[in-house]
Amino acid sequence: MPSKRVTKTGNEIFAEAMRQINPDVVAAYPITPATEIVQIFSQFVADGIVKTEYVAVESEHSAMSACIGSAATGARTMTGTSSQGLALMWEMLYIAAGLRLPIIMAVVNRALSAPINIHCDHSDTMGARDSGWIQIYSENVQEAYDNLVQAVKIAEHPEVRLPVMATTDGFILSHCLEVAEILDDETVQKFIGEPPKRPTIFDFENPITLGALDLQDYYFEHRRQVAETMKKSIRVIDEVADEYAKLTGRKYSFFESYYLDDAEYAIVLIGSTAGTAKDVVDKLRNEGKKVGLMKIRVFRPFDYLRVRKALENIKIIGVMDRADGLNSFCGPLFSEICTCLYESEKKPALMNFIYGLGGREVREEDIETVFEELFKIEKQGKTVNTKYIGVRE
Amino acid sequence: MPSIKELAKRKEKFVSGHRLCPGCGAGVIARLVMLAIDKPVVVGCATGCLEVSSTIFPYSSWDTPFIHSAFENVAATISGAESAYKVLKKQGKIDKDIVFVAFGGDGGTYDIGLQSLSGAAERGHRMLYVCYNNQAYMNTGIQRSSATPRGASTTTSPAGKVIPGKLQFSKDIMSIMIAHNIPYAAQTIPGRWNDIVNKVEKAINTDGFSFINVLSPCRLGWPHKPEMAMEITRIAVETCFWPLYECENGKYKLNYKPKEKKPITEWLKLQGRFAHLLKPGNEHIVEEIQKEVDRRWEELLKKCETS
């Protein structure tokens with residue numbers, strides 16, 4: 001397929017993907033910390049190279065509200081945000097999903113206040129994990145592009161009709177230049193196609209009431225449908241990935257396994273740290289250590305069965321969370337990994353590591369420390385409580 | 001403007017079967033607004049009495065496309081729909097001329113919805129925003145809002161032994177909206193069908209954002225006798241508590257001048273929320289209210305003369 005290599009930051013590549021997707025409406029607001037994505041995109045609008053109606057709303061809450069109003073008409077609708085902006089959207093995130101509106105959002109993962117901080121961690125999207133949005137995380141700029149293009153097709157699929165957020169790690173990806181391969185405009189358009197028909201508020205022959213009051217007699221059924229849809233979306237996410245692989249040769253799954261097959265020790269994590277971790281895995285493998293890595297790409301829905309299958313033969317697993325659960329026990333990824341392994345007869349030993357909050361740098365030494373902790377567990381024959389990596393305490 | 005007979009023959013878009021209280025102003029307002037719009041219309045509604053009473057799943061009183069998302073954001077929600085309309089029309093995917101109407105209560109307009117309302121007005125989306133103003137959070141249990149008038153007893157500004165109801169006068173939302181330089185803003189009541197229908201017609205034929213503030217009697221929160229609902233709004237006009245006026249492109253116009261301005265007590269005495277004000281010892285509050293009504297009335301007359 002026609003494609004070209006470009007050098008872009010994570011923000012630029014998201015904006016470039018948006019240009020190629022050419023949505024009908026983008027509504028966005030530059031809350032602190034602002035992302036460049038929508039700034040770059042507004043230039044495309046100003047230059048007339050996209051057909052998009054750009055709504056420069058007065059808050060992130062209104063951004064998501066306007067996206068809801070737009071998506072309800074059947075228009076292809078996108079936005080972008082980060083950190084506090086996502087937090088301000090909270091109320092509307094649940095409503096977008098509950099109304100089954102396939103809004104596509106580019107998110108740059110950054111820490112939540114307080115203290116105020118503009119750098120990377122996953123607290124923002126982890127907080128939105130139960131909102132009914134599909135969540136796809138990226139390791140690098142290439143994945144950011146690929147994920148956002150696929151997000152359109154997943155969201156609008158007639159069996160899904162749920163909003164999707166594709167994310168990058170703040171600064172580490174959003175502001176760093178990387179080389180990536182992008183499709184040409186026509187191929188992207190052909191891949192995403194016209195938005196499939198769905199009930200809209202522009203149907204005057206069969207007018208719908210969207211956002212009705214559901215009381216004790218219906219609310220539960222409607223929420224149950226969202227739950228079932230999230231489950232079904234697993235198959236659709238796979239199908240879209242297959243189709244995308246045929247175009248690009250880049251095959252995506254719910255997670256990436258790196259030397260997992262024969263691994264005795266493994267790390268599970270999300271996002272850009274996977275790049276650093278892969279180098280450490282390479283190094284330790286050279287030393288003869290049987291180590292591996294699982295990088296989670298799709299966190300919602302969470303593919304418990306396949307994750308379990310891929311992890312259950314490993315002896316000791318370290319789960320690295322770039323967000324804290326503040327629940328006196330563990331981070332959000334650790335909870336999921338624990339849950340999916342509970343029914344496994346083999347039950348690997350598990351340990352949780354919280355790392356990189358507020359953009360704290362993660363070096364190879366930090367990943368080595370994590371592996372050393374895992375080796376220690378084997379010697380000591382027991383796991384220890386959640387450990388914080390790279391923090392002064 | 002259509003005659004009442006012509007209006008009666010139009011297809012109803014806000015139909016019976018809703019669960020609004022008897023004597024509620026919101027239902028009459030919604031019906032009159034919808035009757036005044038003889039075009040395809042998309043309705044947005046903020047969370048509130050009108051929305052919860054007219055859309056209890058699987059029923060709906062809206063025989064026209066309707067969307068509700070949350071409380072504070074109907075102007076933003078309709079901004080999105082209107083923007084989608086513009087772009088889809090450009091692409092030839094829509095051929096109809098669609099009217100956009102947003103309904104919000106006073107809480108969803110004066111308080112929690114003020115930001116999104118201001119944003120939508122500033123951006124100039126072509127929509128009509130109707131505030132059905134019952135002067136408190138009636139849906140959630142009669143809590144005070146910034147539209148609640150001075151002296152009114154609500155559940156969060158109750159008349160007590162020390163504090164005699166709400167201490168502040170209502171926010172002047174009309175001036176705030178007019179300060180956005182929107183092309184059309186008006187104040188009206190459901191008790192004069194021709195006034196409200198005329199203003200809605202003007203608003204939807206305005207190229208840009210328009211705002212109409214409608215006094216909406218609440219038999220539960222004010223409270224008043226249900227059969228007095230429409231009459232009470234006319235008394236609000238006769239006492240100059242709620243003048244009928246409009247502002248078109250910065251030009252103010254008084255639509256009705258009472259022959260004889262009635263004292264504010266005529267308005268206060270019909271409603272339970274003011275009952276304590278008419279008891280001995282609170283005369284000074286009534287005086288204050290009268291003074292403020294007079295001041296606002298004079299200010300409006302001046303604006304009508306000089307703008």
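What you see is a predicted model; the values in this text were computed from it and never measured.

Criteria and thresholds
Residues numbered from 1 in each chain as written. Chains lettered and ligands numbered in written order. Predicted model: local features only at pLDDT ≥ 70, side-chain atom pairs only at ≥ 80, totals over all residues. Heavy atoms only, no water. Axes fitted to C-alpha atoms, helices over the stretch in contact; angles between N-to-C directions. Helix = DSSP H or I, 4+ residues; strand = E, 2+ residues; numbered from the N terminus. Contact = heavy atoms within 4.5 Å. Disulfide = S-S within 2.5 Å. Buried < 20%, exposed > 50% of the residue type's maximum accessible area, 1.4 Å probe, protein only. Parallel < 35°, antiparallel > 145°, perpendicular 65-115°, else oblique. Left-handed = near helix turned anticlockwise from the far one by under 90°. Nonpolar A, V, L, I, M, F, W, Y, C, P; charged D, E, K, R; others polar. Pairing = 2+ DSSP bridges. Domains from an automatic or database assignment. Buried area = accessible area lost by both parts, 1.4 Å probe. Salt bridge = Lys/Arg side-chain N within 4 Å of Asp/Glu carboxyl O. Polar contact = N/O pair within 3.5 Å; in protein donor to acceptor, adjacent residues only side chain to side chain.

So, on to the packing of helix α4 (residues 74-90) of chain B against helix α6 (residues 114-123) of chain B. With their axes 7 Å apart at the nearest point, α4(B) and α6(B) run at an angle of 35 degrees to one another. Counting all contacts with α4(B), which are made through Val74(B), Ala75(B), Ala76(B) and Ser79(B), the residues of α6(B) involved are Ser116(B), Leu117(B), Ala120(B) and Arg123(B).

Residue and element names in this part refer to chain B. Applying the stated criterion across every chain yields a total of 0 disulfides over all chains. The thiol of Cys24 is not disulfide-bonded; the next cysteine sulfur, from Cys21, is found 6.1 Å away. Classification of Cys24 as buried rests on a relative accessible area of 17%. Cys304 supplies the cysteine sulfur nearest to Cys240, a cysteine that is in no disulfide, at a spacing of 11 Å.

The subject of this paragraph is the packing of helix α3 (residues 60-71) of chain A against α4(B). Direction vectors running N to C along α3(A) and α4(B) enclose 45 degrees, while the axes themselves pass 6 Å from each other. Taken together, α3(A) and α4(B) sit at an angle that is classed as oblique. Crossing of α3(A) against α4(B): the hand is right-handed. Across the interface between the two elements, Ser62(A), Ser65(A), Ala66(A), Gly69(A) and Ser70(A) from α3(A) touch Ala76(B), Thr77(B), Gly80(B), Ala81(B) and Ala84(B) from α4(B). Here the contact of α3(A) with α4(B) is composed, by residue class, of 4 nonpolar, 6 polar and no charged.

Tracing the sequence through the fold places Asn73(B) in the loop between β2 (66-67) and α4. Given the relative accessible area of 0%, Asn73(B) is considered buried. Excluding anything up to four places from it in sequence, Asn73(B) contacts His61(A), Ser65(A), Met92(A) and Ser116(B).

Our focus in this paragraph is the sheet that holds β2(B). Adjacent strands of a sheet form backbone hydrogen bonds with each other and so pair up, either parallel or antiparallel. Pairing is mixed across the open sheet formed by 9 strands, whose spatial order is β9(A)-β2(B)-β1(B)-β3(B)-β4(B)-β6(B)-β5(B)-β7(B)-β8(B). Looking along the sheet, the strands with just one partner apiece sit at the ends: β9 (209-210) of chain A together with β8 (251-254) of chain B. In terms of strand pairing, strand β5 (residues 184-188) of chain B meets strand β6 (residues 209-215) of chain B through 5 bridges, oriented parallel. Within β6(B), the residue paired with Ala186(B) across the bridge is Ile212(B).

Attention shifts here to the domain arrangement of chain A. Many structure descriptions define interface size as the accessible area lost when the parts assemble. All names here are of chain A. Parsing chain A into structural domains produces domain 1 (3-248) and domain 2 (255-389). If you average the C-alpha positions of domain 1 and of domain 2, the two centres end up 28 Å apart. Contact residues are listed per partner, giving 28 residues for domain 1 and 25 residues for domain 2. For the pair domain 1 and domain 2, the summed buried surface comes to about 2100 Å²; carbon and sulfur atoms form 55% of the total. On the domain 1 side of the contact with domain 2, His122, Met126 and Glu139 bury the most area, a combined 27% of that side's loss. Our count for the domain 1 to domain 2 interface comes out at 5 salt bridges. When the shortest N-O distance is used, the salt bridge between Lys295 and Glu143 registers 2.5 Å. Here domain 1 and domain 2 share 16 residue pairs in polar contact (both at pLDDT 80 or more) between them. At the level of secondary structure, the elements contributing two or more residues to the side of domain 1 that touches domain 2 comprise α5 (123-127), β6 (134-137), α6 (141-156) and α8 (219-248). Per-element tally for the side of domain 1 that touches domain 2: the top contributor is α8, with 5 residues.

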